[in-house]
Amino acid sequence: MLLCANAALEENKQRINELNVFPVPDGDTGTNMSLTMNSAAIELGRKQTDTVGAVADCAASALLRGARGNSGVILSLLFRGIAKSLKGRENANAAEFAAAVSAGVDAAYKAVMKPAEGTILTVSRLGAQAAVEFAKESTDFEAMLEALLAAAREALADTQNINPVLRRAGVVDAGGEGFVLVMDAMLGYLQGRTAAPVTAAAPAAAAAPEAEAESEPAVAAPEKQFGVVAVSAGEGMANLFRELGVDRVVTGGQTMNPSTEDILSEVNNTPAEIVFVLPNNKNIIMAAQQCIPLSDKKVIVIPTKTVPQGITAMLSFDPASAEDVIEAEMSAAIESVHTAQVTYAARDSDFDGHDIHKGEYLALMDGALLGSNADLDKVLLTIADAATDLDPEIVSIYYGEDVKADAAQRAAELIGGRLPMSDVNVVDGGQPVYYYMISFE
């Protein structure tokens, strides 16, 4: 059932990606859910599991470590709850499996700080409720899953009514679609509609030597009390973080969300007792938080949503201070940072009143869309005008791998012209995806 779910996500990941209505290039939902589920398929191929409880536990452990992006983390949380409910069982009947899915939903809701309705959470919750109610009257396992799917599909269609952005775009929630796909593939195997792929079809990563696969990640002995791990993309950004005192850099960002395992590996390789993690992307924060119970080191996640916030957090990092003081000061520092980003439209979109065409430059401020234009200068001036009310003292312009130094200087002149009282700095970040990341402090 799980292998069929993995194959279905892999086959349909691009279709799920295209449900994302926000036009920026990002670590899309379908890709993240597919990569997350694939980690379970790889691990199941390595181990001989012959009970429901053992399979669920194996899958949940792999999903936890392989989780990417918020959608992948939520998928892993659902299966973590399922595994806890099925722990030790040789088999499961309709009522027991329905209760397990319900336990998975509870686990996901509890782990998400601000659960949003009209998402995978809603779709899975209503599906699980229907399954539990059905199983009170019938022991038919397949019919129980059919009841779950019917309710989940109805909830999925209703996401358009809950989220007006989805309604305007004429699409349903991408994460909810992924959940329905997973459950349909699992039922499809039981009904004979879908053949289970052989485990050898898993990616090349599954072919790693057995000894390596079974070994635990190395844990560096502590040489100091505090260390820092940061997520970023681009050699310039990585070097800047290291210069500011970051011990380990996880390569990743907007279009390549690192897994929990990727972050955990660098946490464990940091020679410190306590490790602060800077995710530097709102879609990576949850994956970073999953490292907390997985490492023998104490892990503290500072919820940085952008790379400039991470840089400012590091500027306030004082390893001579107490743990709670460091956390408080880094958390307070990022509140003073406003981040503008210039990227490109990954798809045509009518978003929040903006008629956006694929390939245009996009201007964002603190994650909100300011507008789009084929003229980069106009986009930069739109950002500068939006920053006027912020009255910034310092403006830092980090230019990306596709921007030349003289073009970055021109951008600084344009922005500085609108903000004459600000100190404008230009830094070669070398980051992909974003032509410019600009911090206003």
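Residues numbered from 1 in each chain as written. Predicted model: local features only at pLDDT ≥ 70, side-chain atom pairs only at ≥ 80, totals over all residues. Heavy atoms only, no water.

> Please give an account of the overall build of the protein chain that cites residues and values.
Check the secondary structure of the protein chain and you find 17 helices and twelve strands. By principal-axis analysis of the C-alpha atoms, the protein chain measures approximately 75 × 55 × 35 Å. Of all 441 residues assigned to the protein chain, the portion counted as buried reaches 51%. A fraction of 69% describes how many contacts in the protein chain between residues 6 or more apart in sequence connect residues 24 or more apart. (Helix = DSSP H or I, 4+ residues; strand = E, 2+ residues; numbered from the N terminus. Buried < 20%, exposed > 50% of the residue type's maximum accessible area, 1.4 Å probe, protein only. Contact = heavy atoms within 4.5 Å.)

> I'd love a proper account of the nonpolar core, names of residues and values included.
Residues M37, I74, F79, M144, F179, I263 and V277 are the most contacted members of the largest nonpolar core, which totals 78 residues. V228, F241, A313 and V433 belong to the second-largest nonpolar core, a separate cluster that totals 26 residues. (Core = buried A, V, L, I, M, F, W, Y, C linked by side-chain atoms within 4.5 Å.)

> Quick rundown of the packing of aromatic side chains? Include the residues and the values.
Taken as a whole, this structure holds four aromatic pairs when the rule is applied. Look at F276 and F317: their rings are 6.2 Å apart centre to centre, the planes differ by 65°, and that puts the pair in the edge-to-face class. Residue F276 is found in strand β3 (residues 272-278), and its partner F317 is found in the loop between α14 (307-315) and α15 (323-335); the two are separated by 41 residues along the sequence. Assessed through its relative accessible area of 0%, F276 is described here as buried. Counting every residue linked through ring pairs, the aromatic cluster contains F226, F276 and F317. (Phe/Tyr/Trp six-rings, centres within 6.5 Å; stacked < 30°, edge-to-face > 60°.)

> Could you give an account of the packing of helix α1 (residues 2-17) against helix α9 (residues 174-191), naming the residues involved and the relevant values?
Look at α1 against α9: their axes get within 9 Å of each other, and the N-to-C directions meet at 145°. Along this stretch, α1 crosses α9, giving a crossing that reads as right-handed. Across the interface between the two elements, C4, A5, A8, L9, N12, R15 and I16 of α1 pack against A174, E177, G178, L181, V182, A185, M186 and Y189 of α9. Residue composition of the contact of α1 with α9, grouped by class: eleven nonpolar, two polar and two charged. (Axes fitted to C-alpha atoms, helices over the stretch in contact; angles between N-to-C directions. Left-handed = near helix turned anticlockwise from the far one by under 90°. Nonpolar A, V, L, I, M, F, W, Y, C, P; charged D, E, K, R; others polar.)

> Could you give an account of the sheet that holds strand β9 (residues 368-373), naming the residues involved and the relevant values?
Pairing is mixed in the open sheet, where six strands are placed in the order β9-β8-β5-β12-β10-β11. If you trace the sheet from one side to the other, it starts and ends with β9 and β11 (423-428), each paired once. The average undirected angle you get between the axes of adjacent strands in this sheet is 15°. Examined bridge by bridge, strand β5 (residues 338-344) and strand β12 (residues 436-440) share five bridges and lie antiparallel to one another. Counted as the bridge partner of A340 is I438 from β12. (Pairing = 2+ DSSP bridges.)

> Give me the lowdown on the sheet that holds strand β4 (residues 298-301), citing residues and values where you can.
Ordered in space as β2-β1-β3-β4, the four strands form an open sheet in which the pairing is parallel. Only two strands of the sheet have a single partner each, and these edge strands are β2 (248-251) and β4. Within the sheet, the average angular offset between the axes of one strand and its neighbour, ignoring direction, is 25°. As paired elements, strand β1 (residues 224-232) and β3 share six bridges and run parallel to each other. By the bridge assignment for β3, V228 is matched with F276. Contacting β1, β2, β3 and β4, helix α12 (residues 260-268) crosses the sheet at an angle of about 165° to β2. Seen against the sheet, α15 touches β1, β3 and β4 and runs at an angle of roughly 10° to β3.

> Can you tell me about α9, naming the residues and giving the values?
An α-helix turns once every 3.6 residues. As a result, residues three or four positions apart point the same way. Between the first and last C-alpha of α9 there are 25 Å, a value that for 18 residues agrees with the 26 Å anticipated at 1.5 Å per step. Counting buried residues in α9 gives 14 out of 18 residues, a clear majority hidden from the surface. For α9, the N-terminal capping position is held by D173, with its side-chain oxygen 3.2 Å away from the main-chain nitrogen of G175. Positive backbone phi, at 80°, marks G192, one or two positions downstream of α9. (Expected span 1.5 Å × (residues − 1). Polar contact = N/O pair within 3.5 Å; in protein donor to acceptor, adjacent residues only side chain to side chain.)

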